[in-house]
Amino acid sequence: MYKRLSAVMFPLTALLLIGALVWGYQENQEKNAILIKAENQYQRAFHDLSYHVDRLHGELGNTLAVNSASNGMHRKGLVNVWRMTSEAQNEINQLPLTLLPFSKTEEFLSKISNFSYKAGIRDFTKKPLTDGELSNLKALYKSSGEISKDLQDVQNKVIGNRLRWMDVETALATENKAEDNSIIDGFKSVDKRVEGYPDLDWGPSVASIYDKRSVKMLGGTPVSVEDIKRKAIKFANAGTNAKVDVKENGKNTKWPSYTATVSGSNNKQIISMDFTKNGGLLISYYDNREIGPAKVTLEEAVTKAEQFLKKKGYPHMTAVNADRYDNIGNLIFVTSQNDVLIYPEKMTIRIGLDTGTTVGFEASEYVNEHKDNRQIPKPKLTLAEAKKFLNSDFKENYHRMAWIKNDDSVEVLTYEFGGEVNGTQYRIYLNADDGIEESVEEIRASSGVEQK
């Protein structure tokens with residue numbers, strides 16, 4: 001009996017053992033293949049990064065080497081600078097640096113990219129490089145040379161000491177002797193150097209991209225918790241028996257604000273609101289009630305939102321866009337002054353399409369940009385003159401005056417034309433003084449705002 005059992009079990013056990021060994025070997029081989037592929041990708045991205053930063057330094061030098069009146073070469077050089085920085089940013093994103101402080105260098109390259117792009121696409125015959133921009137290029141040429149040298153030093157260590165990027169990833173993930181890794185030390189050194197660079201005047205168009213301004217920085221008299229409680233109850237129309245919990249955010253910093261939560265008698269949260277500490281201005285409003293099946297159209301939702309805004313102290317608002325998401329209408333309103341739409345003063349309203357009541361309100365841009373009685377000049381072009389600057393195939397549906405911020409973050413008066421060309425709906429904003437296209441936007445087919 002034992003011999004017969006052994007005769008069956010031994011070959012079976014041996015077969016299973018061999019199978020396990022083969023499976024383990026294949027798994028190990030596949031794992032090694034994946035690790036080798038990842039290592040090769042990291043090595044390629046790093047060496048390409050070093051190469052493109054060196055090229056960036058060279059292109060900045062080429063741009064500075066030509067005559068200050070060489071508009072064509074300046075444009076070509078800036079386009080190449082933009083291309084090199086874009087390549088470098090892409091390669092940084094391929095490296096395992098998410099846990100490593102390298103943000104200063106990434107932001108620095110991003111600013112160079114945006115600066116060169118914004119400058120390179122403009123008409124140099126009308127707006128050549130300024131002395132300030134040339135000064136920026138000189139500073140960037142020097143800085144990029146230093147960064148390039150630091151990366152080449154790291155590159156030499158990687159090649160000379162046969163360093164592996166997979167070790168960097170492991171060190172960052174486990175914090176195991178990360179301070180002894182030459183690659184990590186090298187990138188930290190680069191980021192520390194960049195952090196010490198003086199701030200440059202990038203111009204308003206670039207500065208606006210990195211603008212960290214907050215409604216919480218606004219001037220005005222600081223308000224108390226009790227003031228916020230009163231404001232919250234009044235705005236939510238919750239009644240004197242409502243419970244209000246107020247929490248201060250960013251205490252003792254330059255970003256102070258309040259969050260007020262209005263609850264019913266059963267302690268169930270009803271509405272949450274954010275207010276600025278200075279001035280007590282409402283930033284956002286959120287009603288977390290459950291929304292039922294839609295019974296209200298987008299057009300009706302716009303009317304409901306207009307009534308809500310007038311009741312809450314925003315009388316001169318015009319809907320410029322309306323979209324539906326599930327059973328919620330997302331509406332964008334802007335201020336209207338003397339039949340001119342003030343686009344910087346924008347707010348978003350969310351309407352529950354079951355009852356038509358407001359369930360969300362976001363007004364940070366409105367609070368930031370709102371001004372009483374803006375000084376808006378008269379247009380130099382008549383409507384008929386402005387229309388001559390439109391594409392001859394453009395089929396106009398409506399027109400109106402609009403005050404917008406252009407790509408240089410400068411506020412300008414425009415003629416806004418809504419219409420169709422090539423089978424697609426667009427809004428085109430033409431400068432009211434010279435007819436230049438300041439902005440072009442595609443209009444979504446789901447827009448529920450009737451244009452007139």
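Right above here is the structure, for reference.
A brief report on the enclosed structure follows. (Residues numbered from 1 in each chain as written. Predicted model: local features only at pLDDT ≥ 70, side-chain atom pairs only at ≥ 80, totals over all residues. Heavy atoms only, no water.)

As for the overall build of the protein
Consideration 1: What the protein contains, in helices and strands, is eleven helices and twelve strands.
Consideration 2: For the protein, the proportion of its 452 residues judged to be buried stands at 41%.
Consideration 3: Sequence-distant contacts, at least 24 apart, represent 61% of the contacts inside the protein between residues at least 6 apart.
Consideration 4: Carbon and sulfur atoms provide 51% of the accessible area of the protein, an area that totals close to 26,000 Å². (Helix = DSSP H or I, 4+ residues; strand = E, 2+ residues; numbered from the N terminus. Buried < 20%, exposed > 50% of the residue type's maximum accessible area, 1.4 Å probe, protein only. Contact = heavy atoms within 4.5 Å. Areas by Shrake-Rupley, 256 points an atom, 1.4 Å probe, with all protein chains shown as cover.)

Describing helix α2 (residues 71-93)
Consideration 1: With 23 residues, α2 should reach 33 Å at 1.5 Å per residue; the first-to-last C-alpha distance of 33 Å fits that figure.
Consideration 2: Within α2, burial applies to His-74, Gly-77, Leu-78, Asn-80, Val-81, Met-84, Thr-85, Ala-88, Glu-91 and Ile-92. (Expected span 1.5 Å × (residues − 1).)

Looking at the nonpolar core
Consideration 1: Ranked by internal contacts, the top residues of the largest apolar core, which has 38 residues, are Phe-46, Leu-49, Ile-147, Leu-151 and Phe-187.
Consideration 2: For this core, the secondary-structure elements that each account for two or more residues are α1 (2-65), α2, α3 (103-120), α4 (131-160), α5 (165-174) and α6 (182-195).
Consideration 3: A total of eight residues in this core trace back to one element, the largest contributor, which is α1.
Consideration 4: Among the nonpolar cores identified, the runner-up in size contains 37 residues, and Phe-275, Val-296, Ile-351 and Val-367 belong to it. (Core = buried A, V, L, I, M, F, W, Y, C linked by side-chain atoms within 4.5 Å.)

Side note on the pattern of salt bridges
Consideration 1: In total, this model carries 19 salt bridges according to the counting rule given.
Consideration 2: The partner of Glu-59 in a salt bridge is Arg-55, and the shortest N-O contact between them spans 3.6 Å. Within this pair, Glu-59 and its partner Arg-55 are both found in helix α1, separated by four residues, close to a single helical turn.
Consideration 3: In this structure Glu-59 comes out as buried when scored by relative accessible area, which is 10%.
Consideration 4: A relative accessible area of 27% places Arg-55 in the partly exposed class.
Consideration 5: As a salt-bridge pair, Glu-416 and Arg-400 come within 3.0 Å of each other at their nearest N and O atoms. Here Arg-400 lies in strand β9 (residues 395-405) and Glu-416 lies in strand β10 (residues 411-421), a separation of 16 residues in the sequence. For the pair Glu-416 and Arg-400, a shared accessibility class is recorded, and that class is buried.
Consideration 6: When salt bridges that share partners are traced, they join Lys-142, Glu-146, Asp-150 and Arg-193 into one network. (Salt bridge = Lys/Arg side-chain N within 4 Å of Asp/Glu carboxyl O.)

A word on the pairing of β9
Consideration 1: Note that strand β7 (residues 340-352) and β9 share three bridges and pair parallel. Across the sheet, residue Val-340 finds its bridge partner in β9, namely Met-401.
Consideration 2: Remark: five residues form the turn of the hairpin made by β9 and β10, two consecutive strands paired antiparallel; Ser-409 in that turn has positive phi of roughly 60°. (Pairing = 2+ DSSP bridges.)

Regarding the side chain of Thr-105
Consideration 1: Tracing the backbone shows Thr-105 in helix α3.
Consideration 2: Residue class for Thr-105 comes out buried when judged on its relative accessible area of 2%.
Consideration 3: Apart from the residues within four sequence positions on either side, Thr-105 is in contact with Val-190, Asp-191 and Val-194.

Details of the environment of Glu-416
Consideration 1: A relative accessible area of 0% means that Glu-416 is categorised as buried.
Consideration 2: If near-sequence neighbours (up to four positions away) are discounted, Glu-416 is found in contact with Leu-341, Tyr-343, Tyr-398, His-399, Arg-400, Ala-402, Arg-427, Ile-428 and Tyr-429.
Consideration 3: A polar atom in the side chain of Glu-416 sits 2.6 Å from the side chain of Tyr-398. (Polar contact = N/O pair within 3.5 Å; in protein donor to acceptor, adjacent residues only side chain to side chain.)

With respect to unusual backbone geometry
With the exception of glycine, most residues fall at negative phi, and the peptide bonds are largely trans.
Consideration 1: Even without a glycine there, the phi angle at Asp-326 is positive, about 55°.
Consideration 2: Looking at the element boundaries, Asp-326 is found in the loop between β5 (317-325) and β6 (328-337).
Consideration 3: Phi at Asn-422 takes a positive value of approximately 55°, unusual for a residue other than glycine.
Consideration 4: Relative to the elements of secondary structure, Asn-422 occurs in the loop between β10 and β11 (424-431).
Consideration 5: A residue is classified by how much of its surface remains accessible, and Asn-422, at 75% relative accessible area, is exposed.

Points about the packing of α3 against α4
Consideration 1: Between α3 and α4, the least distance of the axes is 12 Å, while the angle of their chain directions is 140°. Crossing of α3 against α4: the hand is left-handed. Touching Phe-108, Ile-112 and Phe-115 of α3 are Glu-133, Asn-136, Leu-137, Leu-140, Ser-143 and Ile-147, all from α4.
Consideration 2: A class-by-class count of the residues in the contact of α3 with α4 yields six nonpolar, two polar and one charged. (Axes fitted to C-alpha atoms, helices over the stretch in contact; angles between N-to-C directions. Left-handed = near helix turned anticlockwise from the far one by under 90°. Nonpolar A, V, L, I, M, F, W, Y, C, P; charged D, E, K, R; others polar.)

Quick look at the packing of α2 against α3
Consideration 1: One can describe the packing of α2 onto α3 by two numbers: an axis separation of 8 Å at closest approach and a directional angle of 150°. Taken together, the axes of α2 and α3 lie roughly antiparallel to each other. The two elements α2 and α3 cross, and the hand of that crossing is left-handed. Contact residues: Arg-75, Leu-78, Val-81, Trp-82, Thr-85, Ser-86, Ala-88, Gln-89, Ile-92 and Asn-93 in α2; Glu-106, Leu-109, Ser-110, Ile-112, Ser-113, Ser-116, Tyr-117, Ala-119 and Gly-120 in α3. (Parallel < 35°, antiparallel > 145°, perpendicular 65-115°, else oblique.)

Some words on the environment of Met-273
Consideration 1: For Met-273, the position within the fold is in strand β3 (residues 269-276).
Consideration 2: It is 8.8 Å that separates the C-alpha atoms of Met-273 and Asp-287, two residues lying 14 residues apart in sequence.
Consideration 3: When residues no more than four places from it in sequence are discounted, the contact partners of Met-273 are Ala-232, Phe-235, Ala-236, Tyr-258, Thr-259, Ala-260, Val-262, Leu-282, Ser-284 and Tyr-285.

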